[in-house]
Amino acid sequence: MLTASKRTVRLNPSQARTLSGIAGRRSLSEYAMLQRIIEAGFLAVLHGTDREADTREIANEVGAISGRIADLERVLDRALFTACAAYAYARHAALQSRKPDEVIAAEARAAFERQRSLAQEQEP
């Protein structure tokens, strides 16, 4: 049978407030929450996961976010081109022009490029 040993833990005021807040959100006593925090700390130190895992997790998340941003840029480019093409075709329909599709498509591509360059100029 294992027996626990008693220790005194001193928390600074900020740590004490944080402990109280976490314990309240999880409906635990401050003592029970402190025990969980100490156990998690021991595991992190023993397994070397305190900093290495955080760095790996951050790197993985940054990579995932970068991939999502690239996907989002492709979707936005397609949406912008679709809007430019719709505008070009609607304009020609409203003016009742008899230009061939190749001319209207070229105007849509030019409008797309103008809008893309304007958006890139405004980037910080």
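What you see is a predicted model, and the numbers here were worked out from it, not measured in a lab.

S.K.: Just to check I follow, could you spell out the overall build of the protein chain for this structure?
M.R.: Across its full length, the protein chain carries 4 helices and 0 strands. Along its sequence from the N terminus, the protein chain presents helices and strands in the succession α-α-α-α. Relative to a compact globule of 124 residues, whose C-alpha radius of gyration would be 14 Å, the protein chain shows 30 Å and is clearly more extended. Seen through its principal axes, the protein chain has C-alpha atoms that stretch 90 × 30 × 30 Å. For the protein chain, the proportion of its 124 residues judged to be buried stands at 12%. About 10700 Å² of surface is accessible on the protein chain, with carbon and sulfur atoms providing 57% of the total.

S.K.: Please clarify how the packing of aromatic side chains should be interpreted in this entry.
M.R.: Here the distance between the centres and the angle between the planes together describe a pair of aromatic rings. Inspection of every chain in the model, using the stated rule, returns 1 aromatic pair. A ring pair is formed by Phe81 and Phe112, whose centres lie 5.8 Å apart and whose planes are at 80 degrees; its orientation type is edge-to-face. Taken as a pair, Phe81 in helix H3 (residues 52-95) and Phe112 in helix H4 (residues 101-121) lie far apart in primary sequence, 31 residues in all. Under the relative-accessibility criterion, Phe112 is labelled buried at 12%.

S.K.: For this particular structure, what's the right way to read the confidence of the model for the protein chain?
M.R.: Taken over all residues, the pLDDT of the protein chain has a mean of 88, while the share at 70 or more is 93%. Considering each helix and strand of the protein chain separately, the mean pLDDT is smallest for helix H2 (residues 30-46), with a value of 87, and largest for helix H1 (residues 13-25), with 93.

S.K.: I keep staring at the pattern of salt bridges and nothing clicks. Help me out?
M.R.: Between side chains of opposite charge, a pair can form as their charged atoms come close. This structure, assessed with the given rule, holds 3 salt bridges. Asp71 serves as the salt-bridge partner of Arg74, at 2.2 Å between the closest nitrogen and oxygen. Residue Arg74 and its partner Asp71 are both found in helix H3; the two are separated by 3 residues, about one turn of the helix. The partly exposed category is assigned to Asp71, whose relative accessible area is 39%.

S.K.: Explain the packing of H1 against H2 here, please?
M.R.: Relative placement of two packed helices is described by the angle separating their axes and the distance separating the axes. Look at H1 against H2: their axes get within 9 Å of each other, and the N-to-C directions meet at 105 degrees. If you check the angle between H1 and H2, you find them roughly perpendicular. In this structure, H1 contributes Leu19, Ser20, Ile22 and Ala23 to the contact, and H2 contributes Glu30, Met33, Leu34 and Ile37. In the contact of H1 with H2, the residues fall into 6 nonpolar, 1 polar and 1 charged.

S.K.: Would you take a moment to explain H2 for this structure?
M.R.: For an α-helix the count is 3.6 residues per turn, leaving residues at separations of three or four pointing the same way. Taking 1.5 Å of rise per residue, the 17 residues of H2 would be expected to cover 24 Å, and the 24 Å separating its terminal C-alpha atoms lies within 8% of that figure. Met33, Leu34 and Ala44 are the residues of H2 that are buried. Mapping the buried residues of H2 onto a view down its axis gives an arc of 100 degrees, with all of them on the same face. Residues of H2 that are exposed and angled more than 90 degrees away from the buried face: Tyr31, Phe42 and Leu46. Each element contacted by the buried residues of H2 is listed here: H1.

Quick notes on the rules
Residues numbered from 1 in each chain as written. Predicted model: local features only at pLDDT ≥ 70, side-chain atom pairs only at ≥ 80, totals over all residues. Heavy atoms only, no water. Helix = DSSP H or I, 4+ residues; strand = E, 2+ residues; numbered from the N terminus. Rg over C-alpha atoms; globule rule 2.2 N^0.38 Å. Buried < 20%, exposed > 50% of the residue type's maximum accessible area, 1.4 Å probe, protein only. Areas by Shrake-Rupley, 256 points an atom, 1.4 Å probe, with all protein chains shown as cover. Phe/Tyr/Trp six-rings, centres within 6.5 Å; stacked < 30°, edge-to-face > 60°. pLDDT = per-residue confidence, 0-100. Salt bridge = Lys/Arg side-chain N within 4 Å of Asp/Glu carboxyl O. Axes fitted to C-alpha atoms, helices over the stretch in contact; angles between N-to-C directions. Parallel < 35°, antiparallel > 145°, perpendicular 65-115°, else oblique. Contact = heavy atoms within 4.5 Å. Nonpolar A, V, L, I, M, F, W, Y, C, P; charged D, E, K, R; others polar. Expected span 1.5 Å × (residues − 1). Arc of directions from axis to C-beta.

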